[in-house]
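Coordinates in review
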Amino acid sequence: MSKLFLLSFLSLLNINVLSQKKYSFETPWKATSNDSIMDWFTDRLDNTSDSLLFETFNRLGVDTDSVEWIYPSKEFYTLHKNGWDFYSRRIYTVNNKDKEIVITQKNTSENKLPNSLFMLSYLYKDGVTSLVLIEYY
């Protein structure tokens, strides 16, 4: 009986492990490059939410294959160490209920980064997924 239980457990574990996509990082904050970060997010979002994410990038004119994320760049610490005048920041929020992209300018600086960096957060609550995309530029 114990062998049957062990065999069942191992089979279930193998099926579950093989069906999950493997990444070289557990969370985007642990990524060492921009590779696969977009895939990591879209794997965790429902179809409507990931479509809204792609639509947001489309409105910005950003090719989703070449998004530069803030996670692996170490820029996050540099930006916050140098303060508000070092960069500008814009926040895009959208949820799968309203589906309206809301843009909020948080701070504007005369200094500009050489390229935009993005940070994404999402929250699932009561059947609604909310996305918060922050652009540092």
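All of these numbers come straight from a predicted model, not from anything done at the bench. (Residues numbered from 1 in each chain as written. Predicted model: local features only at pLDDT ≥ 70, side-chain atom pairs only at ≥ 80, totals over all residues. Heavy atoms only, no water.)

Turning our attention to the nonpolar core. Grouped together as the largest cluster of nonpolar side chains are 30 residues, with contacts concentrated most on F57, W69, Y71, L120 and Y136. Taken together, the elements giving at least two residues each to this core come down to helix 2 (37-44), helix 3 (47-60), strand 1 (89-95), strand 3 (117-125) and strand 4 (128-136). Setting aside chain neighbours within four positions, we find Y136 in contact with I70, F76, L79, H80, Y87, S88, R89, L113, N115, S116, L117 and M119. (Core = buried A, V, L, I, M, F, W, Y, C linked by side-chain atoms within 4.5 Å. Buried < 20%, exposed > 50% of the residue type's maximum accessible area, 1.4 Å probe, protein only. Helix = DSSP H or I, 4+ residues; strand = E, 2+ residues; numbered from the N terminus. Contact = heavy atoms within 4.5 Å.)

A few words now on the environment of M38. By the element assignment, M38 lies in helix 2. Overall, M38 belongs to the buried group, its relative accessible area being 8%. For the pair formed by M38 and D50, sequence separation is twelve residues and the distance between their alpha carbons is 9.7 Å. Beyond its immediate sequence surroundings of up to four residues, M38 is in contact with L53, F54, F57, T64, V67 and W69.

Moving on, we get to the pairing of strand 1. In terms of residue burial, strand 1 counts as a mostly covered element, since five of its seven residues are buried. Looking at chain direction, strand 1 and strand 2 (residues 102-107) are connected through five bridges and run antiparallel. Across the sheet, Y92 pairs through a bridge with I103, a residue of strand 2. The hairpin formed by strand 1 and strand 2 contains six residues between the paired strands, and K99 there has a positive phi angle of roughly 60 degrees. (Pairing = 2+ DSSP bridges.)

Attention now moves to the sheet that holds strand 3. With antiparallel pairing, four strands are arranged side by side in an open sheet as 2-1-4-3. Because the sheet does not close on itself, it has two edges, and the strands there are strand 2 and strand 3. Adjacent strand axes in the sheet meet at a mean angle of 20 degrees, parallel and antiparallel pairs treated alike. Contacts between helix 3 and the sheet are confined to strand 1, strand 3 and strand 4, with strand 4 contributing the most and set at about 25 degrees to the helix. (Axes fitted to C-alpha atoms, helices over the stretch in contact; angles between N-to-C directions.)

Even without glycine at this site, K99 takes up a positive phi of about 60 degrees. Following the sequence through the fold, K99 ends up in the loop between strand 1 and strand 2. What makes K99 partly exposed here is its relative accessible area of 47%. One non-glycine residue, D126, lies in positive phi territory at about 55 degrees.

Right, let's get into the pattern of salt bridges. For side chains bearing opposite charge, pairing can occur when the charged atoms are close. Counting across every chain of the model gives three salt bridges. A salt bridge links K30 to E26; the shortest N-O distance between them is 3.5 Å. Here the two residues K30 and E26 agree in accessibility, since each one is exposed. For E135, the salt bridge goes to R90, with nearest N and O atoms at 3.2 Å. Taken together, the residues E135 in strand 4 and R90 in strand 1 connect sequence positions 45 residues apart. We classify E135 as buried; its relative accessible area is 8%. With a relative accessible area of 23%, R90 lands in the partly exposed category. (Salt bridge = Lys/Arg side-chain N within 4 Å of Asp/Glu carboxyl O.)

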